[in-house]
Amino acid sequence: MSAPTIHPVDLVIEACTALGARPARLVLTVAGVVLGVSSVLVATGLTASARSSILASFDRNEASTVVASRGDGGDLDPAALDRVRSLRGVRTAGLVRSLPGISATVVSAPGASARRATVATASPGFADPAGAAVATGRTFDAGHERRGSEVAVVGAAAADLLGIDQVDGTTSVLIGGRALVVVAILQPASRWSPIDDLVIVPSGWATAHLATAPSAATLVIVTQLGAGAAIGRQVPEAAVPDDPRSVESDAPPDLSGRRVDVARDLDAMTVVIGVLGLVGGALAIANTTLVAVFERLAEIALRRSLGASRGAIAGQFLVESAITGVLGGAVGAAIALLLLVVACAVRGWPLVLPGTWIVGGPVVGAGVGVIAGALPAWRASTIAPAEILRGTR
Amino acid sequence: MSDQAAPVIALRGVGRCHAGPPTVDALIDVDLEVAPGELVAVTGPSGAGKSTLLQILGLLDRPTDGSYTFEGIDTRMLDGRRHAALRATRIGFVFQSFHLLPHLDVVGNVELGLLYAGCARRHRRERALAVLDDLGVGEVGSAPAAVLSGGEQQRVAIARAIVREPALLLCDEPTGNLDQRSGARVLDLLDQLNERGATIVIATHDPDVAARATRCVQVRDGRIAGAPS
């Protein structure tokens, strides 16, 4: 005598037949799972998309700009710029030096203004670290610097002040009694805004033609992401090795920790929403399956009388709840995908599809179904058929 | 009882006490043997212990005292899976309330009788259709079980019970929910099965049913009538 067996295919067919016998209940139970699974997937998908957007914002605003100057308002040796540039983690740097008492006026622009703008010298390529793109024209370079060319670059606010809006080779500014051709107008700076108010001339020209010595020099340094704080600590030593205490370095707060915090919070939010959703779906299945067990006592007793073992009874209810979970998972994944596409389109977020979750929707549903169906299945397997058939239950 | 053949059923001092409170002694010190091919009627008033006796005979319940030997196997030595195996292959049940599954058609209900016996799906259908034809209800094979008359439902239930050709057919008030004519047809059917060699035990308090049996066993207050109390 061998132990009774039921083929797994027969078990699935029996489960499908039993579920199909109560279509309204099946739809309602599946709806519960759909809500659970889709909420998990939508939460995951939205979090992934929002996370991408939020972290991109962090990247843009990461602590990557360091500004350093002497605490006493003194000058910095141009060689300080080379030393700072050699620091590991520095992407680019520029040196801007004030020229006290020197101002610029317009000599040839149409509708020339009598207003005066502050003049400073800067190292070639200074606009990049300041985050000031060229609006029109071309900034001076190392060649202009060496030759002491009579050229000037005008910051965005200074251009407005002086009424300069084009660079055509005829627009000049008058500085120290000499006319310098405006070769570029800058856009507003994103990293070091004081440059907007300045008219910048090559230091070689300033040295040759102005009696005023540079002072209040400022180093504007752009670092690699997350290196701002470290560079901020190293800059004083690099800029003035003999007297680093005289240099004040202003590094923005390091946001890398907050970036991790935000990512962790988003993940935690996803987990919480996901768990709540899945618990809701699981409760729907568990409740319905448990009710079904008590409604089908006579059927359970009959199957036991026909030779079903306790395991076979438990298996049937477990498979029924697993199938319910698979259906709910599949439909939930489809709905979640649709909602994600719409939500990301509305919010303008990048659509970051959590592929494993979408594909795994039915798998997750099956898992929820099995877990939720375990207790009712066990309960069904413990029902004594004799009691049912005797009518004492 | 045949003197030659080994009994299909042998109960020795079987008792069944239902846990309370209050505790109920449904069966007390029951000795019973049933030989192959017998048609035994178990009679007695409601609550006498007939159904409990049938459930013990059908391995749906276990005695709290005594021993039960089925086809030479001491059932006390078997675990639940082995009991299920015997029910799936050697024992058939017919219930007063038919217990057909309403979401299945007639053939599907009869196929259930083979589901747990390890029979392949294709063979289940063939055998179910053959038995239904044999019992004269083949023409309703595709009908939902719920639309059949009481007599037809009971014949389908009998088909489900005998489709696996059990050694023992246990019938609990098989005519209890039927009118006289339908009941008589069901009893004729059981007679035919018995004539073909089926061993049948029927629990009933219907004297017409008892009159058809080859032997009648009376149960009163959990004891076999005539047995020493």
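Look up: the structure comes first, before these words.
The following refers to the structure shown. (Residues numbered from 1 in each chain as written. Chains lettered and ligands numbered in written order. Predicted model: local features only at pLDDT ≥ 70, side-chain atom pairs only at ≥ 80, totals over all residues. Heavy atoms only, no water.)

**Let's talk about the overall build of chain A**
Okay, so step 1: Looking only at helices and strands, one finds 13 helices and ten strands in chain A.
Okay, so step 2: Expressed as a percentage of its 393 residues, the buried residues of chain A come to 49%.
Okay, so step 3: Surface summary for chain A: the accessible area is close to 17400 Å², and the carbon and sulfur share equals 60%. (Helix = DSSP H or I, 4+ residues; strand = E, 2+ residues; numbered from the N terminus. Buried < 20%, exposed > 50% of the residue type's maximum accessible area, 1.4 Å probe, protein only. Areas by Shrake-Rupley, 256 points an atom, 1.4 Å probe, with all protein chains shown as cover.)

**Things to note about unusual backbone geometry**
Residue and element names in this part refer to chain B.
Okay, so step 1: The residue His99 is not glycine, and still its phi comes out positive at about 55°.
Okay, so step 2: Assignment of secondary structure puts His99 in the loop between strand E6 (91-94) and helix H3 (106-115).
Okay, so step 3: We note that Glu173 has phi near 45°; this positive angle belongs to a residue other than glycine.
Okay, so step 4: Inspection of the secondary structure puts Glu173 in the loop between strand E7 (168-172) and helix H6 (180-195).
Okay, so step 5: The class for Glu173 is buried, based on a relative accessible area of 9%.

**Quick notes on the packing of aromatic side chains**
Residue and element names in this part refer to chain B.
Okay, so step 1: Taken as a whole and judged by the stated rule, the model has three aromatic pairs over all chains.
Okay, so step 2: A centroid spacing of 6.4 Å and a plane angle of 65° characterise the contact between Tyr68 and Phe70, whose relative ring orientation is edge-to-face. Side by side, Tyr68 and Phe70 carry an identical accessibility label, which is buried.
Okay, so step 3: On the numbers, 5.7 Å between centres and 0° between planes, the contact of Phe93 with Phe95 is stacked. Each member of the pair, Phe93 as well as Phe95, is classed as buried. (Phe/Tyr/Trp six-rings, centres within 6.5 Å; stacked < 30°, edge-to-face > 60°.)

**Comments concerning the environment of A:Gln234**
Okay, so step 1: Within the secondary structure layout, A:Gln234 lies in helix H8 (residues 228-239).
Okay, so step 2: On a C-alpha basis, the gap between A:Gln234 and A:Ser249 in space is 8.9 Å, while along the polypeptide they are 15 residues apart.

**Considerations on the pattern of salt bridges**
Okay, so step 1: Taken as a whole and judged by the stated rule, the model has 22 salt bridges over all chains.
Okay, so step 2: Residue A:Asp10 is joined to B:Arg121 by a salt bridge in which the shortest nitrogen-to-oxygen separation is 3.9 Å. Placement of the pair is A:Asp10 in helix H1 (residues 8-20) and B:Arg121 in helix H4 (residues 121-134), with the two residues belonging to separate chains.
Okay, so step 3: Given the relative accessible area of 8%, A:Asp10 is considered buried.
Okay, so step 4: Through salt bridges that share partners, A:Asp10, B:Glu111, B:Arg121, B:Arg124 and B:Arg125 make up one connected network. (Salt bridge = Lys/Arg side-chain N within 4 Å of Asp/Glu carboxyl O.)

**Notes on empty space enclosed by the protein**
Residue and element names in this part refer to chain A.
Okay, so step 1: Following the criterion strictly, the structure yields two cavities of 30 Å³ or more and no others.
Okay, so step 2: When its volume is computed, the largest cavity comes out at roughly 170 Å³.
Okay, so step 3: In terms of lining, the largest cavity is formed by 14 residues, of which the most central are Leu19, Arg25, Thr288, Ala292 and Glu320.
Okay, so step 4: Of all the secondary-structure elements, those providing two or more residues to the lining of the largest cavity are H1, helix H2 (23-60), helix H9 (256-295) and helix H11 (310-347).
Okay, so step 5: Among the elements that take part in the lining of the largest cavity, H9 stands out by supplying four residues, more than any other.
Okay, so step 6: Across the lining of the largest cavity, the residue classes tally to five nonpolar, five polar and four charged.
Okay, so step 7: Reported here for the second largest cavity is a volume of approximately 30 Å³. (1 Å grid on protein atoms, 1.4 Å probe; cavity = no way out; pocket = protein on both sides within 12 Å on 5 of 7 lines; lining within 4 Å. Points joined across faces, edges and corners; volume = space filled by probe spheres on them. Nonpolar A, V, L, I, M, F, W, Y, C, P; charged D, E, K, R; others polar.)

**Observations regarding the interface of chain B and chain A**
Okay, so step 1: Each partner contributes to the interface: chain B provides 29 residues, whereas chain A provides 28 residues.
Okay, so step 2: The junction of chain B with chain A conceals about 2700 Å² of combined surface from both sides, 64% of it contributed by carbon and sulfur atoms.
Okay, so step 3: Summed over the shared surface of chain B and chain A, the result is two salt bridges.
Okay, so step 4: Joining chain B to chain A, the criterion identifies four residue pairs in polar contact (both at pLDDT 80 or more).
Okay, so step 5: Elements represented by at least two residues in the side of chain B that touches chain A include exactly helix H1 (50-57), helix H2 (80-89), H3 and H4 of chain B.
Okay, so step 6: Broken down by element, the side of chain B that touches chain A gets its largest block of residues, seven residues, from H2(B).
Okay, so step 7: Looking at the side of chain B that touches chain A residue by residue, the classes come out as 14 nonpolar, seven polar and eight charged. (Contact = heavy atoms within 4.5 Å. Buried area = accessible area lost by both parts, 1.4 Å probe. Polar contact = N/O pair within 3.5 Å; in protein donor to acceptor, adjacent residues only side chain to side chain.)

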